[in-house]
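Take a look at the letters that make up each chain.
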Amino acid sequence: MAETNAPPKPAAQAVPLTCHGHSRPVPHISFSGLEKGESDAYWMISACKDGNPMLRNGQTGDWIGTFLGHKGAVWQAKLSPDAATAATASADFTAKVWDTHSGELLYVLQHDHIVRAIAYPFDNSSMLATGGFEKKLRIFDLQEVKPVEQAEGQPVVPVTINTPTAFEIGEGTHKDNIKFIVWALDPNRLITASGDTLRWFDLPSRSCIRETKLDGEIKSCELVFLAPQHSSPTDLGGGLPVLAVAAGKTVYFWGGEQADTELKRKTLSHGIASVGLDLKGKKYVVGEEPGTWARLYDWETDTEIDINKGHHGPIWSIAFSPDNNLYATGSEDGTIKMWKNCEGPYGLWRNGVAGGGSGAD
């Protein structure tokens, strides 16, 4: 019999968990790192065009709370490195920072137009970068002014910070709206996605040091990394974070401390709305566009190895958990689905099926 180099067929899929609760499309989801002192605890946050970002248990999808206060669509939501705060970017011309334990609003970062993108540094919860329709990349120092503590039982008085207080990086550089911001492992490097162009910025000089035009409008741009106790030099990227980008029909991956070393690019036969990366399993997941499926490809061969079906609208965001045991997809259909990415029982999955609930609110 002739030998074949075809990749092995994947094991049967576990039933995905479905997280309900949002009433409009979910443009962005992200996970926290692992909670200190608890080796398996982590959280997931989702942005939604209904203006109500939600915090969930990262393993089960169970609803923890909703951050109430935005008056427009929320385009992105991210958890701080210590998971003590969450930042949200909104069409109401603000970015907001919330206390993840109490749900209280701590900071209002007032802008002059829609805010589309936010980013914390890799290991600093007191800085926040923002960007959007103003076409300006700014950094806010949240340590300069603290929210006012009230008497016990009274809500915190949030601090409003206006844009003149922030530091603008690369003034006049962007010609299109900023849709994504990534803070590299090197704290002196920021990357923005604007139109069809990726740009790398040097913070000390506040200047753009590199730009690369991609294959169409950038639809997805995220830094993929695992918790230190789960990362390894044998992972994709050598144990360092990997920048995963989708533009047109092409996926791109950059590695290194400054996320500027190209590891791979691949043009597929279909449009791509989002991309996620399995650093250990060495595969990438893309949300097709047009379409509603998540397609899985082998990193080495670029062979399609599986298809995840279940959403009823395009998949705008894909994120892997910090232990790599699951990944989540956020869709135009207003739901989040969580897909098992490990062997054996995990979270609500028992023997390959979802048990004990569906991650619903």
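Residues numbered from 1 in each chain as written. Predicted model: local features only at pLDDT ≥ 70, side-chain atom pairs only at ≥ 80, totals over all residues. Heavy atoms only, no water.

K.L.:
A description of the sheet that holds strand S10 (residues 115-119) should follow, citing residues and the corresponding values.
P.N.:
Across the sheet, four strands lie side by side as S10-S11-S12-S14; this open sheet has antiparallel pairing. Two strands close off the open sheet at either side, each with one partner strand: S10 and strand S14 (167-169). On average, each strand axis in the sheet is inclined to that of its neighbour by 30°, with strand direction left out of account. Inspection of the sheet shows strand S12 (residues 137-141) paired to S14 by three bridges, in the antiparallel sense. Counted as the bridge partner of Ile 139 is Phe 167 from S14. (Pairing = 2+ DSSP bridges. Helix = DSSP H or I, 4+ residues; strand = E, 2+ residues; numbered from the N terminus. Axes fitted to C-alpha atoms, helices over the stretch in contact; angles between N-to-C directions.)

K.L.:
Which residues make up the nonpolar core, and what are the values?
P.N.:
Generally speaking, soluble globular proteins have nonpolar side chains that are buried together. Among the nonpolar cores identified, the biggest contains 19 residues, and Phe 31, Met 44, Leu 326, Ala 328, Ile 336, Met 338 and Trp 349 are the most heavily contacted of them. When residues of this core are traced back to their parent elements, those giving at least two are strand S1 (17-19), strand S2 (28-31), strand S28 (326-331) and strand S29 (336-340). (Core = buried A, V, L, I, M, F, W, Y, C linked by side-chain atoms within 4.5 Å. Buried < 20%, exposed > 50% of the residue type's maximum accessible area, 1.4 Å probe, protein only.)

K.L.:
Give me the pairing of strand S7 (residues 85-90): which residues, what numbers.
P.N.:
Burial within S7 is extensive, with six of its six residues counted as buried. Burial along S7 is two-sided: the residues Thr 85, Ala 87 and Ala 89 and Ala 86, Thr 88 and Ser 90 are all buried. Looking at chain direction, strand S6 (residues 74-79) and S7 are connected through five bridges and run antiparallel. For Leu 79, the partnering residue across the bridge sits in S7 and is Ala 86.

K.L.:
I'd like a rundown of the pattern of salt bridges, residues and numbers included.
P.N.:
Per the counting criterion, the structure on display carries twelve salt bridges. For the salt bridge of Glu 211 with Arg 199, the shortest nitrogen-to-oxygen distance reads 3.2 Å. Within this pair, whereas Glu 211 is found in strand S18 (residues 207-213), its partner Arg 199 is found in strand S17 (residues 197-202), the two being separated by twelve residues in sequence. Looking at Arg 199, the relative accessible area reads 7%, which means it is buried. In this structure, the salt-bridge partner of Arg 295 is Glu 288, at a minimum N-O distance of 2.8 Å. With relative accessibility at 14%, the residue Arg 295 sits in the buried group. Salt bridges linked by common partners bring Glu 288, Arg 295 and Glu 304 together as one network. (Salt bridge = Lys/Arg side-chain N within 4 Å of Asp/Glu carboxyl O.)

K.L.:
Which residues make up empty space enclosed by the protein, and what are the values?
P.N.:
One pass over the structure, following the stated rule, counts three cavities of 30 Å³ or more. If you add up the space inside the largest cavity, you get close to 40 Å³. In this structure, the largest cavity is lined by Pro 27, His 28, Phe 180, Lys 219, Ser 220, Glu 222, Val 275, Trp 316, Ser 317 and Ile 318. Those elements that place two or more of their residues in the lining of the largest cavity are strand S19 (218-224) and strand S27 (315-320). (1 Å grid on protein atoms, 1.4 Å probe; cavity = no way out; pocket = protein on both sides within 12 Å on 5 of 7 lines; lining within 4 Å. Points joined across faces, edges and corners; volume = space filled by probe spheres on them.)

K.L.:
Please provide a residue-by-residue account of the packing of aromatic side chains, values included.
P.N.:
This structure, assessed with the given rule, holds nine aromatic pairs. Residues Tyr 284 and Tyr 297 carry aromatic rings whose centres are separated by 5.5 Å and whose planes lie at 15° to one another, so their mutual orientation is stacked. A residue pair is termed long-range when its members are at least 10 positions apart, and Tyr 284 in strand S24 (residues 283-289) and Tyr 297 in strand S25 (residues 294-298) qualify at 13 residues. For the pair formed by Tyr 284 and Tyr 297, the shared burial category is buried. (Phe/Tyr/Trp six-rings, centres within 6.5 Å; stacked < 30°, edge-to-face > 60°.)

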